[in-house]
Amino acid sequence: MTTAVLSERFVPVASLTELRAAGRLVVHADPHVLCLFVEGDAVYAVDNRCPHMGFPLHRGTVCDGILTCHWHHARFDLSTGGTFDQWADELRRFPVELDGDTVLVDLSAPDDPVGHQRSRLRDGLERDIPLVLAKATIALLEADPTGVDAFRAGLDFGVARRGGGWFRGLTTLVCFMNLAARLDPENRAAALYQGLAEVASDSAMGPPHFALDPLPGTPPEPARLALWFRNFVEVRDAEGAERALVSAVRGGASPSELSDMLFAAATDHRYLDGGHTLDFVNKSLEALDITGWETAEAVLASLPAQLAGAERMEEANAWRNPVDLVTLLESAFAELDQVLASGSTRRGAWEGRTALVQTVLGAEATEILDALLGALRSGATEVELASTVAFAAATRIARFPTSNEFGDWDTALHSFTFANAVEQGLRRSPSLELLRGVLDAAMSVHLDRFLNVPAKRLPAPEPSADTAALLTELPRLLDRQQQVDEAGQLVASYLGGRGDPARLVATLGAALCRENRNFHTIQCVEAAVRQHELLVGTDEAALPLVAAARYLASHSTTTRSQRQTFDIARRLHRGETLYEDVDG
């Protein structure tokens, strides 16, 4: 408080005499509700809404200059507004001046509110505080509707903070960022919040990542660094691999060269970590597409730990017995170069997709591999082959019978997201090494064949369906447990009735954001949307969304506590009150 020459910014709000008599006063200075406190000769004006959850601070207690909110006991220094509890945020103070007996308050907008929210986002990430993350995300998305600002902050934090490298949290963040643009505006912040909260949770309580410097001097050529990188991963030397990788980035390797380096290492062994590792590589590259490749060194340095430490399916019994799939694959890999060359003159003329899908789903391993090689000889491109296998993997989910054990949903999911990641990688940069991943994906789909015994009949679309009613019904359907077949039928009927696929995707995304985070469900929906969009205009376009709806329904409903946190933050951002609901 000061007694000074008055400026136009200050408005009268109360009588000093009245304030001294009461000790505190609630005053309205449109659009604000302020609480005035007097302590000795000092007069303070603060927002009457606690920055934590909006409880009225005039019900709090002041002792030794510290204001304590009685709802969750958040504490604030009245003289600065600073909080002693990071989950609460700083208390907004308003400068005070006196004009005789009149208390005047400066209601000017705070300096750099966006910068403050960036700082708060960092606080929420560092301390894993969901409500802080939700508040910051809402405010930052309002300032930057693309969400890139908040996404970049989460990406930078995750790759630096998690010592174990790229994992579930960062993958979830990229999945939700990819989905956000397809959602209605009111759900975009919820999606991004879910991703940021998962980064914070995944990074909490562990050691940070200590970045390695590139090799000194002029680095070797990218091809040599790529060779070293793969050799280091081969012997599980994560630090050696990281130094080779960051040297390639610093030395000016192109995005395509870096992608090829990573995908080669991810397919030197079979189906690493149940398919997760290659999906993580793909998601890291998608993250750089969003933020820009200037941060490639830090982002890609998060991958070597995962690549070097991953379980290799050569070590898994299912890939060795009763049929040695690894040996069969190695024989097929040896032919890839030759069959690609023999089919080069027929590129664009391949018409065997439907038959190949059925072969991948129903044949024995040797027949599947022969068919894949035959497709390449017949002119199939790398992307066409990958797309065919990804569609077969989606079919496993679309035809998954609920007579299976619940955990088997994840088995089918892993094959699908791995196959999708291989396809996305080949669309980015086709390489002979990554093409091996298509064959790996086909073998994983083959191993999952028991999940479709008996295979669930695909739902028949209803062309006369009321698409508007179906879209309204979908969230209600997902309010009940185990509406798996019903959800698949609804999606098939909606699309069969020529409903707008974009509206369906937005509705599925909104339903996903309602549930408590489930990593595999998020992966499934995001990959299915990608596959659907690649198939628009074909008879196959509906199936990935049928698969996504069935998977989402199988994992609904949850307690939705994480969405409740977001909804509280949104109500506070809108200026709504929460404490009235408590008082009843």
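Along each chain, numbering runs from 1 in the same order as the chain's sequence is written. Local features in this predicted model are restricted to residues whose pLDDT is 70 or higher, and side-chain atom pairs enter the listing and the counts only when it is 80 or higher, whereas totals over whole chains, interfaces and linings include all residues. Hydrogens and water are ignored here; the side-chain numbers use all heavy atoms of the structure.

J.: Honestly, unusual backbone geometry in this entry has me stumped. Any pointers?
T.: In terms of backbone geometry, most residues other than glycine have negative phi values and most peptide bonds are trans. Looking along the chain, the bond that leaves Asn 321 and enters Pro 322 is cis, with omega of 0°. Runs of E in the DSSP output that reach at least two residues are strands. Runs of H or I that reach at least four are helices, and both are numbered from the N terminus. Turning to its location among the elements, Pro 322 is positioned in the loop between helix H12 (304–309) and helix H13 (325–333). Put simply, Ser 556 and Thr 557 share a cis peptide bond, and its omega is -5°. In this structure, Thr 557 sits in the loop between helix H24 (542–554) and helix H25 (561–573).

J.: Can you help me understand the side chain of Arg 436 in this one?
T.: Turning to its location among the elements, Arg 436 is positioned in helix H19 (residues 432–447). Counting of polar contacts relies on pairs of N or O atoms within 3.5 Å, with two restrictions inside protein: one atom must be capable of donating a hydrogen and the other of accepting it, and residues adjacent in sequence are counted only when both atoms are side-chain atoms. A distance of 2.9 Å separates a polar side-chain atom of Arg 436 from the backbone oxygen of Glu 433. Contacts are residue-level and defined by heavy atoms, with any inter-residue pair within 4.5 Å sufficient. In this view, Arg 436 contacts Arg 230, Ala 264, Thr 267, Asp 268, Arg 270, Phe 333 and Leu 336; residues no more than four positions away in its chain are not counted.

J.: I would appreciate a short explanation of the confidence of the model for the protein chain in the present structure.
T.: Interpretation of this model should avoid reading the predicted coordinates in detail wherever pLDDT is low. Here pLDDT means the predictor's own confidence in every residue, given as a number from 0 to 100. Mean pLDDT over the protein chain stands at 95; residues scoring 70 or higher make up 98%. Across residues 1–6, where pLDDT falls below 50, the model places 15 contacts with residues more than four positions away in sequence or in other chains.

J.: Whenever I open this one, the pattern of salt bridges confuses me. Can you help?
T.: When the charged atoms of two side chains lie near each other, side chains of opposite charge can form a pair. A pair is scored as a salt bridge if a Lys or Arg side-chain nitrogen falls within 4 Å of a carboxyl oxygen belonging to Asp or Glu. On inspection of all chains with the given rule, the structure shows 37 salt bridges. Between Arg 347 and Glu 382 there is a salt bridge whose closest N-O contact spans 3.5 Å. With Arg 347 in the loop between helix H14 (336–343) and helix H15 (353–362) and Glu 382 in helix H17 (residues 382–398), this residue pair connects regions lying 35 residues apart in the sequence. Here the term buried applies to any residue with accessible area under 20% of the maximum for its type, exposed to any over 50%, and partly exposed to those in between, with areas from a 1.4 Å probe on protein chains only. On the basis of relative accessibility, which here comes to 33%, the residue Arg 347 falls in the partly exposed class. Asp 567 is paired through a salt bridge with Arg 570; the nearest N and O atoms lie 3.1 Å apart. Placement of the pair is Asp 567 and Arg 570 together in helix H25, with a separation of three residues, close to one helical turn. Judged by relative accessible area, which is 27%, Asp 567 ranks as partly exposed. Within the structure, one salt-bridge network assembled from shared partners comprises Asp 89, Arg 120, Arg 122, Asp 123, Glu 126 and Arg 127.

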